[in-house]
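In case you want the letters, here they are:
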Amino acid sequence: MNEFIAPVSVENSKYREHYLKKLEFEFGNFYIFEKYVIGEIFEGVHFNWALAEKVIHGVYDFFGSTEIKVAYISNRIHSYSVQPKDWMQFFKERHHLRCIAVVAYSKMGWMSVVLEKIFSNAPIKKFKDLDSAIDWAIHSKEQKKFPKN
């Protein structure tokens, strides 16, 4: 028996009617909610710092500030690669995340999160479904404080 459930995108979920804005890029879609952002990166993409910066600036533009504290939920409905060391660049640039949730729908997806945890300064937690990840992101008391320049 497979312990993982079938991938569910935001567009095919009960959250479809609740996001404030959808950012559409050539590499994926990102859904902005009041307290969190859900990212769904497309099949075969190599997600790196250059792509992450586009998302970061899109989220900052939406909120009108760089001083936001949102959670990031990576909804891994597709297979793609991540440059784990780019998390170090994220924090070096003094960007903030309250916490990070990763929804992985396969064993390989779960294994990649272990590597990403090594490079992240924010709490990362793995989930097998979107509902659990969103609940944790909303209610999590975990928050990493980052020094200001």
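Here the structure is shown first, and the text comes after it.
A brief report on the enclosed structure follows. Computed from a prediction, not measured in an experiment: that's the story for all the values here.

This next bit is on helix α1 (residues 49-63). End to end, α1 covers 21 Å across 15 residues, agreeing with the expected 21 Å (1.5 Å per residue, within 8%). Buried residues of α1: Trp 49, Leu 51, Ala 52, Val 55, Ile 56, Gly 58, Val 59 and Tyr 60, and no others. The opening residue of α1 is Asn 48, an N-cap whose side-chain oxygen sits 3.2 Å from the backbone nitrogen of Ala 50. A positive phi of about 75° marks Gly 64, the residue just after α1.

Before going further, it helps to spend a moment on the pairing of strand β7 (residues 100-104). A large share of β7 lies buried, amounting to five of its five residues. Because side chains alternate across β7, one face comprises the buried residues Ile 100, Val 102 and Ala 104, and the other comprises Ala 101 and Val 103, equally buried. Note that strand β5 (residues 71-76) and β7 share five bridges and pair parallel. In the sheet register, Asn 75 faces β7, and the bridge partner there is Val 103.

Quick notes on the rules
Residues numbered from 1 in each chain as written. Predicted model: local features only at pLDDT ≥ 70, side-chain atom pairs only at ≥ 80, totals over all residues. Heavy atoms only, no water. Helix = DSSP H or I, 4+ residues; strand = E, 2+ residues; numbered from the N terminus. Expected span 1.5 Å × (residues − 1). Buried < 20%, exposed > 50% of the residue type's maximum accessible area, 1.4 Å probe, protein only. Polar contact = N/O pair within 3.5 Å; in protein donor to acceptor, adjacent residues only side chain to side chain. Pairing = 2+ DSSP bridges.

Nothing here speaks to function; it is geometry throughout.
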